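Fold and geometry: a report
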Amino acid sequence: MTYTIPPSCVHCGICLPECPTNAIQIDKNNEHWIEPGLCNSCEDNHSKPPCVSSCPDSLPLPLPTKKGRYKAHPRVLNTHHLFANGHNNPIASSMVIWEACNLLAKGSVFPWRTDNQDKLYFERLVKQGKGKIEFRLTKDVDSHVNHTLGEKDAASTIELMDIRAACVHLIFAAFATTLERPWEEEFAIDNKQIETYLGLNKRKDLSKAAKLTLIKSLIQQPCKLIANVDWFRQGKIQSFSLPKDRIWHLAAIDNHFQEDAHGYKHLVGMTFRIRAGMWAKYFLNKQGYKKYVAYYQYGTLPKFLLTTVMTIWHQHEGTVRMMLWLLFKTKMGKQQRITIPKLMYVAYGEAKVREAALNREKRKRLLRRFESDLEVLNHYQIKPIFDPVTYPTKIQPLWARLAAVPDDADEAMEFWIKDGCNETSITDPAPPGKWNLLMKARILYFELPPEWDKQLSRWENKKQRKTRRQSKTQTVSHLNAEQIISARKRLGISQRKLAQQLGKSQSWIRDIENSRFSAKPDDRLKLKKILDLEE
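The paragraphs below set out a description of the structure included in this document. (Residues numbered from 1 in each chain as written. Predicted model: local features only at pLDDT ≥ 70, side-chain atom pairs only at ≥ 80, totals over all residues. Heavy atoms only, no water.)

This part takes up the overall build of the chain. In terms of helices and strands, the chain carries 21 helices and 17 strands. For the chain, the spread of C-alpha atoms along the three principal axes comes to 95 × 75 × 50 Å. By the burial criterion, 47% of the 535 residues in the chain qualify as buried. Here the analysis covers contacts within the chain between residues at least 6 apart in sequence; of these, 68% occur between residues at least 24 apart. A total accessible area of about 28800 Å² is found for the chain, and carbon and sulfur atoms account for 49% of it. Taken together, the 83 basic and 58 acidic charged side chains of the chain have centroids lying 7 Å from each other. (Helix = DSSP H or I, 4+ residues; strand = E, 2+ residues; numbered from the N terminus. Buried < 20%, exposed > 50% of the residue type's maximum accessible area, 1.4 Å probe, protein only. Contact = heavy atoms within 4.5 Å. Areas by Shrake-Rupley, 256 points an atom, 1.4 Å probe, with all protein chains shown as cover. Lys, Arg positive; Asp, Glu negative; His and termini not counted. Charge placed at Lys NZ, Arg CZ, Asp CG, Glu CD.)

See below:
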């Protein structure tokens with residue numbers, strides 16, 4: 001039984017600090033109400049609940065069970081639904097979003113550190129240390145408060161991290177791509193949309209109140225991540241630094257109530273208003289990308305991935321972490337050679353892999369778990385292609401070896417007869433030292449489901465066409481070091497003066513003339529014009 005605050009309440013706030021589950025909330029009208037999914041009527045207390053005992057009017061009151069169906073009132077949202085084609089949707093895919101997804105998926109398994117002020121943080125170096133992204137945690141979801149947590153205070157926040165919050169983070173990243181200026185504009189998403197995207201609308205074992213509380217918790221977790229970014233110069237885009245800011249700002253929560261015949265209000269829905277942090281101004285900026293002052297980095301989010309994660313997260317956390325990691329990794333190219341230690345770090349954390357290396361029993365358990373997680377990936381059409389040199393058949397999982405058995409009964413019989421005549425059988429146990437062999441093994445790539453692979457193929461073809469165009473341009477406009485030196489001396493131009501006319505540094509000119517690297521096509525055209533060289 002849960003409690004409710006009736007209209008007769010004067011909203012003095014005495015009961016607010018008395019609630020041990022923080023079920024008593026304050027709405028935008030500064031009126032108090034009780035979230036039914038958090039209220040447990042203080043079951044451990046044999047007397048009256050503390051909120052009732054502290055109230056001079058003996059409020060709140062027990063909430064009667066709602067009779068009849070919840071009425072569905074239409075809600076006007078300023079954003080459209082995702083997955084318009086029924087298969088996938090664009091998604092922000094910058095390094096900030098990728099690492100935030102990994103962090104939410106791994107929680108306490110993540111390699112957190114503490115700084116000299118005892119504040120918890122995680123640092124991700126980029127491009128061999130040329131840039132970095134630093135993540136921190138906050139307990140408050142108020143977007144105006146950026147107070148970060150220390151090691152002791154952060155322990156409870158990390159412990160409550162739910163791997164399903166990573167899915168909500170991806171949904172936010174998909175909605176952000178629908179806005180022109182996501183760091184300034186808000187998007188709205190309600191509980192019904194979240195239920196549809198995550199498959200919670202099929203969970204008949206959860207009450208309405210339980211679903212709403214779960215959704216609210218999953219929404220709030222990505223909004224507790226704070227990041228500051230130091231990015232390096234890439235091409236024409238200058239280096240930049242972003243002070244600490246939330247990945248996602250929870251601007252407001254609109255609660256929707258339905259009043260029964262006795263005047264009691266029942267919570268029937270929630271609408272969440274979200275705005276992307278300042279990372280979007282530099283990594284999801286269409287206009288800035290055209291002007292060479294920012295990036296516009298996006299990928300694809302397959303619809304099936306969200307429902308799959310929600311289905312298997314409890315039994316196969318390792319599979320889910322690898323699946324979410326591959327969502328961004330494959331954006332870099334399908335033919336990625338991934339080492340087995342790296343996959344294990346993603347799935348279970350570096351600490352657990354190191355422990356397994358030193359303990360035989362833990363090693364055996366981790367191997368079984370890893371091969372089981374790979375099998376689940378394969379079941380959902382994310383098929384690992386093993387490197388035949390470093391990951392030969394003898395150390396491959398049994399399910400992968402059995403894939404060679406024909407489906408036809410007669411052919412299968414012939415297969416097993418031949419297998420029995422061989423010196424080694426397909427069902428032989430793993431050879432001694434399998435762990436050490438796996439630590440040197442790798443997977444060539446993963447075959448992906450059609451709705452995922454199709455978009456990646458388009459991107460790869462687009463990259464190849466761009467590379468061919470650049471190569472063609474470079475061949476036609478070739479300019480070697482001797483030509484530059486001869487023309488510069490002929491015109492009596494110093495390296496310093498040439499650098500000034502090009503808008504480059506003198507060391508850049510010196511490196512070009514020493515053939516340390518080649519100038520880009522645009523720079524070659526400028527050099528030809530300044531040095532009066534024929535096209």
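Taken as a whole and judged by the stated rule, the model has 2 cavities of 30 Å³ or more. Of the volumes computed, that of the largest cavity is approximately 90 Å³. Lining the largest cavity are 15 residues; nearest its centre among them are C19, C39, C42, P49 and C51. One number sums up the size of the second largest cavity: a volume of about 60 Å³. Around the second largest cavity, the lining residues are A227, N228, V229, L242, P243, D245, R246, I247, G277, M278 and W279. Top contributing element to the lining of the second largest cavity by residue count: strand 11 (residues 240–246), with 4 residues. Class assignment of the residues belonging to the lining of the second largest cavity gives a composition of 7 nonpolar, 2 polar and 2 charged. (1 Å grid on protein atoms, 1.4 Å probe; cavity = no way out; pocket = protein on both sides within 12 Å on 5 of 7 lines; lining within 4 Å. Points joined across faces, edges and corners; volume = space filled by probe spheres on them. Nonpolar A, V, L, I, M, F, W, Y, C, P; charged D, E, K, R; others polar.)

Within the secondary structure layout, K216 lies in helix 6 (residues 208–220). Apart from residues no more than four positions distant in its own chain, K216 is found in contact with Q25, E35, I253, M270 and F272.

Once that is clear, we can look at the packing of aromatic side chains. Counted under the stated rule, the structure contains 22 aromatic pairs. Seen from their ring centres, W98 and W325 are 6.3 Å apart, and the 45° between their planes marks the pair as tilted. One end of the pair, W98, is in helix 2 (residues 95–106); the other, W325, is in helix 10 (residues 317–329), and 227 residues separate them in sequence. You can call W98 buried: its relative accessible area is 7%. Judged by relative accessible area, which is 5%, W325 ranks as buried. Considering the side-chain rings of F240 and F283, the 5.7 Å spacing of their centres and the 65° angle between planes classify their relative orientation as edge-to-face. One end of the pair, F240, is in strand 11; the other, F283, is in helix 7 (residues 279–283), with 43 residues separating them in the sequence. (Phe/Tyr/Trp six-rings, centres within 6.5 Å; stacked < 30°, edge-to-face > 60°.)

The subject of this paragraph is the sheet that holds strand 16 (residues 383–386). With respect to topology, 3 strands assemble into an open sheet ordered 15-17-16, the strand pairing being antiparallel. The open sheet has two edge strands, strand 15 (338–339) and strand 16, and neither has a second partner. Bridging between strand 16 and strand 17 (residues 442–447) involves 4 bridges; their strand directions are antiparallel. Within the sheet, the bridge partner assigned to P384 lies in strand 17 and is F446. (Pairing = 2+ DSSP bridges.)

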